[in-house]
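# Remarks on the overall topology
Spelled out, the chains give:
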Amino acid sequence: MTETAATLIEKPRSQWRDVWIQFRTHGGALAGMVVFLTLIAFVTVGPLVWTVDPSYVNPDAARMIMTRNKPPSLDWPLGTDQLGRDMLARMMAGGRVSIAVGLVAMSIAIVLGTTVGVLAGLFKRLDGPLMRLTDLVLALPLLPLLLVMVFLFRDALGRALGSETGTFVLIVSAIGATSWMQAARIVRGEVLALKEREFVLAARSIGTPPRRMILRHILPNVISPVMVAATLGIASAIITESALSFLGLGFPPDFPTWGRLLFEGVDYMQLYPERVLWPGLAISLTVLSVNYIGDGLRDALDPRIRGR
Amino acid sequence: MLTFVIRRLLLAIPTLLLISLVIFLLVDLAPGSPMSEIPRTVPPEVRERMMQAMGANEPVVVRYLLWLRQFFLVEPAYVIDSLMGTNLAGGAQRVLSWQSRMPVFDIIAQRLPQTLTVIGSAYLVGVLIALPIGIYSAYRQYSWFDQLGTFVTMVGSSVPTFFTGVLLIIVFSVNLGWFPSIYDTTLEVTDWASFKMQIMQMALPVTMLALHNATEISRYMRSSMLENLGQDYVRTARAKGMSERVVVLKHVLRNSLIPVVTVIALGIPTIFGGAIIAEQVFKVNGLGTALIGAINASDLPTVQTLTFIFAVLIVFFNLVADILYGILDPRIRYD
Amino acid sequence: MNFRTALLGTTAAATAFIGLAPAAHAQRAADGNVKILYFQAVSVMNPYMSSGTKDVHGSSLVIEPLAGFDEKGGLVPRLVTEIPSVENGGISKDLTTITWKLTPGLKWSDGTPVTADDAVFTYEYCTNADMGCSQAARFQGIKTVEATDPQTIKITFTTPKPNPFSAFVGAASPVLQRAQFKDCVGAAAQTCTEQNTKPVGTGPFTVTDFKVNDVVQLAANANYRDPAKPAFATVTLKGGGDARASARAVMETGEFDYAWNTQINPEFQAQLAAGGKGELISAFSNNVERIELNLTDPSPDLPEGERSQIKNPHPILSDVRVRRALSMAMDRQLLVDVGYGAAGKPTCNVIPAPEIYASPNTNCHVQDIEGAKALLEEAGWTDSNGDGIRDKDGKKLSLLFQTSVNAVRQDFQALVKGWWTQIGVETELKAIEPSVFFGGDPGTPDTYQRFYAEAQLDTLDYDGTDPEAYLGQYVCANVPGPGNGWRGTNINRLCDPAYEKLLADLSKTADLNERAKIIISMNDLLTKDGYVSIPLVDRARLSAKSKTLGGVVLNAWDSELWNASDWYRIK
């Protein structure tokens, strides 16, 4: 009832509506959106349509040997791997984790990095301690750090959240916790310069509280380097996940994430180039689509460009 | 500015000591043992003895203090001795690698040349191609050049170096036979022919790393330029009748450099850290492989020494970045 | 001129120099440079400092033991005139002494004579308690090592030693020069960088330049005992990369002449062989890829310190029928075809060689899924709820199967999981970083010694040809546990009095045929009778050599570079 009533009244010009209108005019962003949604559908709806078990190895030796390393065909649209497992099913199963890890780990890193960067840049008192902390984390050797994190938290998380969710949480936090430093330093650098700009001085002089200052004036102006860090971060999170599973820290060894498929494919690159092509393509498409969406969003969010 | 620099340098000392302690505890806590590369046929008692002889069995506090002493007192003494011919060190034990029983600083000296030549020139090439690409892509946003650049850099950032390295070897070493796939660290550049050999063997690893570095830097350059090109001062400058060249390369570029300077300052210490995958794929055997090898073998003195030097460089270059911010934007003040 | 033509250029120059002289009449240092690639780089040239395979092999070019093993596992004299035996009087009748006679006129690479005193020194060097000698086990049970005269070394054992060929036999136990190492005894050994990287030796080459974990450059030893050898003037021993890349460097790009341990999958083997620049060579010894079963309960529900301990027998695997069923489900030939190709063969034994010790046990070669199912039914494991997984008394037949991170092992895990699922055994897989898994850090739960899983895939070989020490691992006293800092070697937690009785008999038996009989029954107790271990594949050493490199005889019992003095360039 109330909803119909609301539609009758002429809506005030909503900022987000403007953003969406601007976003729609950005061809690259729309294409990116379509590709991204297709990828999401591929990994979520796909397994419901293509119901092959991704880790099924034919127990009959003779049949297994015959179905190894098959090129793409009707039976196996993307071919099979060295044990005759269906690549399409593996790509679908792996994509779910890879996309989720990529997005979540990147978000953690970006949120953490931006927070640290803004606080350090804006408040002189916090600058020293926060930047020395950044130096410390940058200096720590990654491998032992990850090994120690997993060693300390794996069992506890596994018990609290169940083995699969526990592993996921551990992996994204490990990646997030070890990749926020660059964003932090970049944001801080930008904030240091922004802080001295006229509009910030003006805002300060009229007594804008810090929270409002950050949300209204600082954050919108550091969005573009953050966006770059975010798109670059997705790919590296997906690859780092595979590196983790190679250290025996990630998902079980028969779990086909995109990063792992790509790594395994490198062994077979000369004989069966499609083995590296599929995961490489999938990761690239994810990153490209997110990049274009990000481009479109940035343009749409910028009031100077919007409505031009 | 000078007081700021002095204050920061003084503050760096306790920071670095803290970092060294954290690294030490971290590496010590990490699973793995210096015996992991010893064949399993070696009986447990013998392993125990070997650990004892290395000093790996001492409590962690003792080992940390020993390392501090060796790093800050003994090693400088050896340096002074070799320069002045004095005998300050008096035969005290240097920081020794558990893996090879070599002084860690000798290992660094052996590996620094190839790391600096290969990783360093790759970084330089990467920066040199990234900046113009980033500037031009932003200036002509959504032109075909920009679209192509975006596509290439995004694909470049999505395919990891373990893939591109092997791909380069298969295409250029195996199929075409143009470049060697294995870096010869014993090659000494003495004449034109050996210089040419050196260029040949650097070609593939440098290409791979330069592309990888350029990807990142050009993205930041582009986005920062875009941000600034829309600012009011650009309109003003153009309205004043300044040439495009001056507007873009003087005003916009200078104001866009802050994030780029940050990224580059973060990147320079990693030259010293080496590029693990590139070094492994092309067998450059620089500091990156030294570090990863030491980590795998839980070679605590080597890991500790390398990461500590790395930490010093990080702290130093971040200071350099801060100083550069002040030069790029004089409004930024630290005092 | 690119790199490859430069490489060809050097070999062409060598050809011109030596003409078409047959290899047998080769001249020392006439064949130029040979390039050897070890993907694990050499860290130290002294096997008493590090017993890593790469270090033992690298140093074998420079320093030598009194005797070594040939490619068949037989003993060959290196610095001595003959192999001592009871018949020739070199070994005393009561088996307590062995006497070696040095070849007259032997010289160190610095020109000084080799004497029995150097061997005595080596013994003292390695048995010094402060030194942390990595080969100390080879000198165990020795009472004295004496130089009865400058040419004669007499070793006296504390008890009769049926197999006295441990000290100074094989590349891991070479003779060092007293003059060079005299100041490196005890704790000082650690700091003798110069000695440890550039030892004075009797071998065909000497070190000219040593870059740790990177490259070793060697030159022909001017004082080598055979004046016509080695054929190569210099050796470059490079490290780095991985098995795949090193195989490629020999077989596809031809940048190197020899690559060690090129374990690659069969398809890649075939592809490289087609490259035409080199060939893969393989040799079998005693390296068996097997699944170890845990006889004790690793359940995480047990308090820490009680997991995988003798007092908690495994609720499922204590039944030999279940263990046997797990073994019957294996198709070993398929595993070989997928993972090893020519570099492996199916085996049912943990001691597959030498011939005399190999049990005639081939019953496992045929996969028997139905038989395995029947056996599990018989043991009381049935699928009562129809979910495809067997259960008994409300407990699921579910196993955790772990191994180190390695492409072939992960393929094996997937295949084994498939077979076990088929016989109704639920399998969870886990892969662990090798340096953690094999690291033996007592504080880490993920080591192979802790064995917090039901099954683990690994391999274990042993030095030399005599398996007594190796079989001696499976005794109750060697079970790893919190009491011994998880340092035991009895991974399976086997506690079998019958087995330990056989082991006691073995240590008292000198006759070779009698020993073989006991060793075979012990092997059978571990495999076809007890199913404590499930042997899968007898793994060969697989290396790659250039087609222009001659004289290579791959030896899996000793250093792969054991006969580098015979290597030459094929013209």
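Structure: see above.
Residues numbered from 1 in each chain as written. Chains lettered and ligands numbered in written order. Predicted model: local features only at pLDDT ≥ 70, side-chain atom pairs only at ≥ 80, totals over all residues. Heavy atoms only, no water.

## Things to note about the overall build of chain B
Along its length, chain B carries twelve helices and zero strands. Walking chain B from its N terminus toward its C terminus, one meets helices and strands in the order α-α-α-α-α-α-α-α-α-α-α-α. Put simply, chain B has 335 residues, and 58% of those count as buried. Contacts in chain B between residues at least 24 apart in sequence constitute 70% of all its contacts with a sequence separation of at least 6. For chain B, the centre of its 23 positive side-chain charges and the centre of its 21 negative side-chain charges are spaced 9 Å apart. (Helix = DSSP H or I, 4+ residues; strand = E, 2+ residues; numbered from the N terminus. Buried < 20%, exposed > 50% of the residue type's maximum accessible area, 1.4 Å probe, protein only. Contact = heavy atoms within 4.5 Å. Lys, Arg positive; Asp, Glu negative; His and termini not counted. Charge placed at Lys NZ, Arg CZ, Asp CG, Glu CD.)

## Focus on the packing of aromatic side chains
Going through the model one piece at a time under the given rule, you end up with 36 aromatic pairs over all chains. Considering the side-chain rings of Tyr 268 of chain A and Tyr 272 of chain A, the 6.4 Å spacing of their centres and the 35 degrees angle between planes classify their relative orientation as tilted. Per residue, the accessibility class of Tyr 268 of chain A equals that of Tyr 272 of chain A, and both read buried. Taken together, the aromatic side chains of Phe 24, Tyr 64, Trp 67, Phe 71, Phe 72, Phe 105 and Phe 308 of chain B make up a single cluster linked through ring pairs. Stacked on the ring of Tyr 268 of chain A, the Lys or Arg Arg 275 of chain A has its end atom at 4.7 Å from the ring centre. The ring of Tyr 78 of chain B has Arg 94 of chain B lying over it, and the distance from NZ or CZ to the ring centre is 5.0 Å. (Phe/Tyr/Trp six-rings, centres within 6.5 Å; stacked < 30°, edge-to-face > 60°. Lys NZ or Arg CZ within 6 Å of the ring centre and 35° of its normal.)

## Examining the interface of chain A and chain B
Between chain A and chain B, the residue contacts involve 52 residues of the former and 58 residues of the latter. Buried surface at the junction of chain A and chain B, summed over both partners, amounts to about 5,200 Å²; 67% is from carbon and sulfur atoms. Among the residues chain A hides against chain B, the three largest losses belong to Arg 132, Arg 185 and Leu 232 of chain A. Together they make up 11% of the total. Counting across the interface, chain A meets chain B through four salt bridges. Linking Glu 198 of chain A and Arg 331 of chain B is a salt bridge whose minimum nitrogen-to-oxygen distance equals 3.6 Å. Of all elements in the fold, only helix H7 (124-139), helix H8 (142-161), helix H10 (181-195), helix H12 (210-246), helix H13 (258-267) and helix H14 (274-301) of chain A reach the threshold of two or more residues within the side of chain A that touches chain B. In terms of residue count, H14 of chain A provides more of the side of chain A that touches chain B than any other element does, ten residues in total. Among the residues forming the side of chain A that touches chain B, the class breakdown is 30 nonpolar, nine polar and 13 charged. (Buried area = accessible area lost by both parts, 1.4 Å probe. Salt bridge = Lys/Arg side-chain N within 4 Å of Asp/Glu carboxyl O. Nonpolar A, V, L, I, M, F, W, Y, C, P; charged D, E, K, R; others polar.)

## Structural notes on the pairing of strand S8 (residues 215-220) of chain C
All names here are of chain C. Extensive coverage of S8 is indicated by the burial of five of its six residues. Note that strand S7 (residues 205-211) and S8 share six bridges and pair antiparallel. In the sheet register, Phe 210 faces S8, and the bridge partner there is Val 216. Linking S7 to S8, which pair antiparallel, is a turn of three residues; within it Asn 213 sits at a positive phi near 55 degrees. Sheet analysis places S8 next to strand S9 (residues 234-239), joined by five bridges and oriented antiparallel. (Pairing = 2+ DSSP bridges.)

## Some thoughts on the pattern of salt bridges
The final tally for this structure, using the stated rule, is 50 salt bridges over all chains. Arg 90 of chain A serves as the salt-bridge partner of Asp 81 of chain A, at 3.6 Å between the closest nitrogen and oxygen. Classification of Asp 81 of chain A as buried rests on a relative accessible area of 0%. A salt bridge links Glu 289 of chain C to Arg 409 of chain C; the nearest nitrogen and oxygen atoms lie 2.7 Å apart.

## Let's talk about the state of the cysteines
Residues and elements named next belong to chain C. Summed over all chains, the structure comprises four disulfides over all chains. In this model Cys 184 forms its disulfide with Cys 192; the gap between the sulfur atoms is 2.0 Å. Between Cys 184 and Cys 192, the disulfide has an S-S torsion of -100 degrees and is therefore left-handed. Cys 184 sits in the buried class, given a relative accessible area of 0%. Judged by its relative accessible area of 8%, Cys 192 falls in the buried class. Across the disulfide, Cys 476 is cross-linked to Cys 495 (sulfur-sulfur distance 1.7 Å). Linking Cys 476 and Cys 495, the disulfide has an S-S dihedral of approximately 90 degrees and is accordingly described as right-handed. Taken together, the residues span a long stretch of sequence, with Cys 476 in the loop between helix H13 (468-471) and helix H14 (497-508) and Cys 495 in the loop between H13 and H14 at a distance of 19 residues. Relative accessible area serves as the criterion here: at 33%, Cys 476 is assigned to the partly exposed category. On the basis of relative accessibility, which here comes to 32%, the residue Cys 495 falls in the partly exposed class. Here the cysteine-cysteine linkages of chain C are recorded as 1-2, 3-4, 5-6, 7-8, numbering only bonded cysteines and doing so in sequence order. (Disulfide = S-S within 2.5 Å.)

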